[in-house]
Amino acid sequence: TAMNLINTVVSFVVAYAMTPVILSRLGTEDYGVWVFLGIFSITGYFSLLDFGLQGAAIKFVAEFISKKDRDNLSAVINASLFFFLLAGVLGGLALFIFNTFFFTTIFHIPADRYAVVSTLVNLLAISFLFQTPALAFSAIIEGLQRYDYLRGVTISTTLLSNLVIFLFLRQA
């Protein structure tokens, strides 16, 4: 319960602090693009690409832990890590390729906005590349029913990803 509360407070404080930073660095139009692209983030539509495997991993980790079946537990953990790592790499590369070759032909981005929008799509690709494999770790931790660790990972991810965004925007 304490970790859930800390997670909620950290998420609120970070969002409250980062919104004016992002707005001041990007401007209102590019901030709108940022929010639009956020719809497709890991927690958005891209989360559908796990095909229910995260839920299955949670179920089987919990089941094999309760049965003390180390062999099958190891197999589930390895398969989860492999699948989500592969999905992250393929998805991240697909977004980079889409951004490089097809983005301008599908979306009619004005030339003066293309550099910023392209950078934001690349940030989404990098996010996908790293956050998709994290889904396997979240599933394993949740299967172990260690929700305190799960919230700790969530808090760490929130702080780290926003730090990277902050540093990136400072350099831009």
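Engineer: Can you lay out helix H4 (residues 111–143) for me, pointing to particular residues and giving the numbers?
Structural biologist: Taking 1.5 Å per residue as the helical rise, H4 with its 33 residues ought to reach 48 Å, and the 48 Å between its terminal C-alpha atoms agrees with that figure. A positive phi of about 60° marks Gln145, the residue just after H4.

Engineer: Any chance you could break down helix H1 (residues 2–38) for me, citing the residues and the numbers?
Structural biologist: The first and last C-alpha atoms of H1 sit only 28 Å apart over 37 residues, clearly below the 54 Å expected at 1.5 Å per residue. The largest bend in H1 amounts to roughly 115° and is located at Gly27. Considered for burial, the residues of H1 that qualify are Asn7, Val10, Val14, Met18, Ile22, Leu26, Asp30 and Leu37. If you follow the buried residues of H1, they end up packed against H4 and helix H5 (147–171).

Engineer: Pulling in residues and values, what's your account of the environment of Leu169?
Structural biologist: With respect to the helices and strands, the residue Leu169 is situated in helix H5. Exposure remark for Leu169: the relative accessible area of 3% places this residue in the buried category. Beyond its immediate stretch of four places on either side in the chain, Leu169 contacts Ile22, Arg25 and Leu26.

Engineer: Can you break down the confidence of the model for the protein chain residue by residue, with the values?
Structural biologist: Counting all residues, the mean pLDDT for the protein chain is 85, and 94% of those residues have values of 70 or more. Mean pLDDT across the elements of the protein chain ranges from a minimum in H4, with 83, to a maximum in helix H2 (residues 53–66), with 93.

Basis of the calculations
Residues numbered from 1 in each chain as written. Predicted model: local features only at pLDDT ≥ 70, side-chain atom pairs only at ≥ 80, totals over all residues. Heavy atoms only, no water. Helix = DSSP H or I, 4+ residues; strand = E, 2+ residues; numbered from the N terminus. Expected span 1.5 Å × (residues − 1). Bend = angle between axes of the 7 residues up to and from the residue. Buried < 20%, exposed > 50% of the residue type's maximum accessible area, 1.4 Å probe, protein only. Contact = heavy atoms within 4.5 Å. pLDDT = per-residue confidence, 0-100.

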